[in-house]
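Below, each chain spelled out in residue letters.
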Amino acid sequence: MKLRQKIRFTLACTLCSVSVVSYAQTSTPPASPAAPVAASTAASSMASAPVDSTSLTSAQINDLLQQHPELVVDLKSLVADLLQQSGTSIQADSITDEQLYRLIATSPNTRAGITTWLQARGYVSASDLHRADDDARERDARSHSATSDPRIDPLRSQSALAGLDADPVSLLSATETKPSALQTRKPRKPLSAREPNPDTAERHDSPDVIHRPAPYNLLSLRDLYTQLSPDNTKLRRFGSDVFISRDENANASHDTLDVPVGPDYILGSGDSLVINLWGGVSQTFSRTVDREGKIVLPEAGTLVISGLSLGQAQTLIAGALQKQYRNAQIAITLGKLRTIRVYVVGDVQRPGAYDLNALSTPLNALYAAGGPTSVGSLRIVKHYRGDQLLGEVDLYDFLLRGHNTNSGRLASGDTLLIPSAGPQIGVSGAVKRPAIYELKGEESLSALLDDAGGVTVAAALDHITIDRIQVNHQRETVTLPAPVTSASLTTFQVRDGDRIHLGSILPYSERVVYVEGHVARPGKVPYRDGLQLSDVLRSYNDLLPEPAATGDIIRLVPPDLHAETSQFNVADVLIGNAQLTLQPFDTIRINGRYEVDAPQVTIRGEVLRPGVYPLSRGMTASQLVRMAGSFKRDALLESADLTSYIVQDNSKVISRRSAIPIAEAMQSAAADTELKPGDILTIHQISGWNDIGSSVVIDGEVTYPGSYGLQEGERLSSVLRRAGGLRGTAYANGAVLVRTQVKELEEKSREELIREIETTSASARLAPNLSGQDEATLLQAATQQQNEVLEKLRNQPASGRLVIHITSDIDSWANTDADIELRKGDVLSIPKRPGFVLVSGQVYNPSAITYVPNQTAGWYLKHAGGSNDVANNKEIFVVHANGSVVGRRSGGTFSSSVLSTKLEPGDVIVVPQKIIGGSLAWRNLLTVAQITSSIAITAALAGLF
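All values derive from a computational prediction rather than experimental measurement.

A. Summary view of the overall build of the protein chain. Within the protein chain, the secondary structure is distributed over 29 helices and 37 strands. Here the protein chain, with 945 residues, has 42% of them falling under the buried criterion. Here the analysis covers contacts within the protein chain between residues at least 6 apart in sequence; of these, 68% occur between residues at least 24 apart. Counting every atom, the protein chain has about 48300 Å² of accessible surface; 50% of that belongs to carbon and sulfur.

As structure tokens, this is what we get:
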């Protein structure tokens, strides 16, 4: 489950927040082949998890898709499932090969998710991830270059690099791809072949192929849109690798040899003998053959043993010692081999003299000299002793057949001569050992192929190509006359310089049909003459639950193999009423019932899992309710609304609503209603359910502040009485009632006002008939004033205050218009009586002035120093402690001037700033903004009373 969670997060974080533009524009048929069950299950059950930091490169992923084309269908299905879960309707068919490759090339998150998916299924090893991590570091080191190496990622063009952070689904909608990059890209060595592993070694009967993008998402076309990869492998000389990993001490003299020495070994100067005596005497001593070929024995004197075999020396020494030691038994072993000097000359890597042990063969000397050069022969190694040619060594006998009997022992002073190579022929393609082979007696193509290990089982003998050189003239390409037989291979003569390529048979089966979609066993089915559709689809057991009523047969019609689609009735085929004969490369596609114009119904309201559900056959309203988890406790069981639609005259849709006794329908089938596609069932809520548990908060100067449960329709006076009424220190005129709905409306109005000010054109801020210089100055000042007003609006949060008019005597206003009905979440704050009036805005001394009874706003403004030069005296307004506002246009409630208004404690006088220039609409707009930014001051002051 953790693995699936990780995959879903990796791809969903890239894909699930966008919509697919190409789905509506694609010309691909809407039918969808079913992906393997594992991919669908993984996509549907994933949850969020961190993205791995190491992922395969796009080139490595493309390599795997070239080797395993079936993975393309799985990855498309995985991406499509994720998009469908996010609410975007798309089928795997709608994602083309080009779009998938583009997504892999440009989306790091997608590559990380695909890497995790491939690693879980054994396509990627830990060494591949380490190698990808090294490649990523190398790319970071050269990230200053905007051009990517096409050998690393042929799909990453300049536009692709620029869109690494673009929406991957917008990449799916892109149509300008570079198919040539996909069609002609040089195939890479498989990941498993880069690091040899016997369990994942590449099979010789699987040729490298290039999968070109197919126009439809069909496995049959995917197989047919396959090209055999051109063999651009650089051939190496056969046998040259044998001498690469040589021992650095191979040319050093060896005192010992860890191999048994037989009795036929010929002794010479420098050999060391170990002589063991036991019986009448027990003694062990060693003797070295001197330059004269002698050894000195105790009591027996000098013996000449040079030139004798080890067995002969054993007899001679034993006879001499037994005369001196009665009843003595003697055994002789070779303790140290003598060193011989041989010469290796000719076309060899390191010609010269080499000191080797006496058991060395020409192969040992050649190995010590590093082997032949690129022009040295591997078929002829001449062994000279003095001026006498002892023989020739053919290394192919050793390399191909393991024979080492034709190379005699070396003696001191011997010379090995490696001449230039003879005729050489390259063999590539469908052979077991592609290489360059040197000829020695082989003249026929058959003998050459035997040296190359023979042909593979995938070799196409009628596609043998020979690139031949007409000596000192020209190149030509020839082939064997058809039909190619073993006799023609034997009679065809090869020449020096030939380059022979054996093509492979086609990489797909030519007698097969394909089954995909809503079936239990998707994939390939062997074709036979007269194969019927009923032979492939035998019963409903071969299908997944609820298949669609019809299926498709997509036939590739010869001679050009264009695709044609015909439909068949699934039920008729399964019961034997329809006999349809299949042809090779036919694709049988079965869709699910919910994939072909999926019938759906919707349930809303008071159920546990409201939403859209597939409409199964015969589904009723009660069954839909049970599917949605049944009713919630607040559900109205008396009746439910069912909205249905009908199509009239195939030209318009008519909706109709009906009431269903849903509780009765849950108990009786007679009262139940069968649903139709598109129906919407709505389960209503019991009246007043949302008011359960409603409460209000009373703060400040009340006898018992706190939270109080609210009955439906309860008014302010009732709650205040339950709170013990107002205390003697309470200032009822400054009471602040905050309501959530009012706050939301204020916030929306404030945002609209800010947006209107920001979008007002510059010309509206200026007065007409201004000169160019005055216009620029005024525009700058107006812009500065606008920014100041906007800053105040943004920094002044919505208060949500509802203006109320109450007094300490609750009975005097109870059950009147002032006794408002409370709502859930209301907060009432009763402040203490303030002792000041606040003067703010454009005055010389903005301050709070001690309250003096019966004084007017003009009196308080005068004591604040009066308005300054930038004040707008015509728009002075007063905000009373209860939240009401008195301005120039407030009407006849007060005297003719705002300044003549008598103030009460907690009132606020606001002197706005004069609006700079602008039209009348602009001045009115900023005036409203100034009032709005100041209106919440009294609510803020309530917390200070």
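B. Broad picture of the sheet that holds strand 32 (residues 827-830). Taking strand neighbours across the sheet as the criterion, the five strands line up as 29-28-32-30-31 in an open arrangement whose pairing is mixed. Edge positions in the sheet fall to strand 29 (706-709) and strand 31 (801-802), since each of these pairs with one other strand and no more. Where strand 30 (residues 736-738) meets strand 31, two bridges bridge the pair, whose relative direction is antiparallel. Its bridge partner lying in strand 31, V738 is registered against R801.

C. Fine view of the pattern of salt bridges. A complete count under the given rule lists 24 salt bridges for this structure. Among the salt bridges present, the one from D394 reaches R379, with a minimum N-O distance of 2.9 Å. Placement of D394 in the loop between strand 11 (388-393) and helix 16 (395-401) and of R379 in the loop between helix 15 (362-368) and strand 10 (381-385) is noted, with a sequence separation of 15 residues between them. You can call D394 buried: its relative accessible area is 7%. Residue classification places R379 among the buried residues on the basis of a relative accessible area of 3%. The structure contains a network of salt bridges with shared partners spanning R379, D394 and E442.

D. Molecular detail of unusual backbone geometry. A482 connects to P483 through a cis peptide bond whose omega is -10°. Structurally, the position occupied by P483 is in the loop between strand 16 (474-479) and helix 18 (486-491). Put simply, P558 and P559 share a cis peptide bond, and its omega is 5°. Positive phi, normally seen in glycine, also occurs at F585, with a value near 75°. In this structure, F585 sits in the loop between helix 20 (570-575) and strand 22 (587-592).

E. Up close: the sheet that holds strand 14 (residues 435-438). The strand order across the open sheet built from five strands is 14-13-17-15-16, with neighbouring strands paired in mixed fashion. Edge strands, defined here as strands with exactly one partner in the open sheet, are strand 14 and strand 16. Averaged over all adjacent pairs, the angle separating strand axes in this sheet is 20°, with direction ignored. Here strand 15 (residues 459-470) runs beside strand 17 (residues 499-504); their pairing, made up of five bridges, is antiparallel. Looking across to strand 17, one finds that I464 is bridged to L502.

F. Highlighting the pairing of strand 8 (residues 339-346). In terms of strand pairing, strand 8 meets strand 9 (residues 352-357) through six bridges, oriented antiparallel. Paired with R341 across the bridge in strand 9 is D355. Here strand 8 folds back onto strand 9 in antiparallel fashion, the turn holding five residues. For strand 8 and strand 12 (residues 415-418), the ladder comprises four bridges, and the chain directions are parallel. Of the residues in strand 12, the one forming a bridge with G346 is I418.

G. Spatial organisation of helix 14 (residues 310-322). For helix 14, which comprises 13 residues, the first-to-last C-alpha distance of 18 Å matches the rise-based estimate of 18 Å (1.5 Å per residue) to within 8%. Residues of helix 14 that are buried: L310, A313, I317, A318, A320 and L321. Summarising the axial view, the buried residues of helix 14 lie within an arc of 165°, below the 170-degree limit, and thus occupy one face. In this fold, the buried residues of helix 14 make contact with strand 3 (272-279), strand 4 (283-288), strand 5 (294-297), strand 6 (301-304) and strand 7 (328-336).

H. Structural view of a nonpolar patch on the surface. On the surface, Y645, V647 and V653 cluster together into a nonpolar patch covering about 260 Å² of accessible area. Note that Y645 resides in strand 25 (residues 635-648). With relative accessibility at 33%, the residue Y645 sits in the partly exposed group.

I. Region of interest: the side chain of D414. With respect to the element layout, D414 can be found in the loop between helix 16 and strand 12. Within the local environment of D414, its side chain forms a polar contact with the side chain of R385, the two groups lying 2.8 Å apart.

J. The arrangement of the pairing of strand 13 (residues 424-429) in detail. Here strand 13 runs beside strand 14; their pairing, made up of four bridges, is antiparallel. Looking at the pairing, G426 lines up with I436 of strand 14. The turn joining strand 13 and strand 14, which pair antiparallel and follow one another in sequence, is formed by five residues. Inspection of the sheet shows strand 13 paired to strand 17 by four bridges, in the parallel sense. In the sheet register, S428 faces strand 17, and the bridge partner there is H501.

Parameters at a glance
- Residues numbered from 1 in each chain as written.
- Predicted model: local features only at pLDDT ≥ 70, side-chain atom pairs only at ≥ 80, totals over all residues.
- Heavy atoms only, no water.
- Helix = DSSP H or I, 4+ residues; strand = E, 2+ residues; numbered from the N terminus.
- Buried < 20%, exposed > 50% of the residue type's maximum accessible area, 1.4 Å probe, protein only.
- Contact = heavy atoms within 4.5 Å.
- Areas by Shrake-Rupley, 256 points an atom, 1.4 Å probe, with all protein chains shown as cover.
- Pairing = 2+ DSSP bridges.
- Salt bridge = Lys/Arg side-chain N within 4 Å of Asp/Glu carboxyl O.
- Axes fitted to C-alpha atoms, helices over the stretch in contact; angles between N-to-C directions.
- Expected span 1.5 Å × (residues − 1).
- Arc of directions from axis to C-beta.
- Patch = residues over 30% accessible without salt bridge, like charges linked within 9 Å, V, L, I, M, F, W, Y side chains within 5 Å.
- Polar contact = N/O pair within 3.5 Å; in protein donor to acceptor, adjacent residues only side chain to side chain.

On their own, these measurements won't tell you what the molecule is for.
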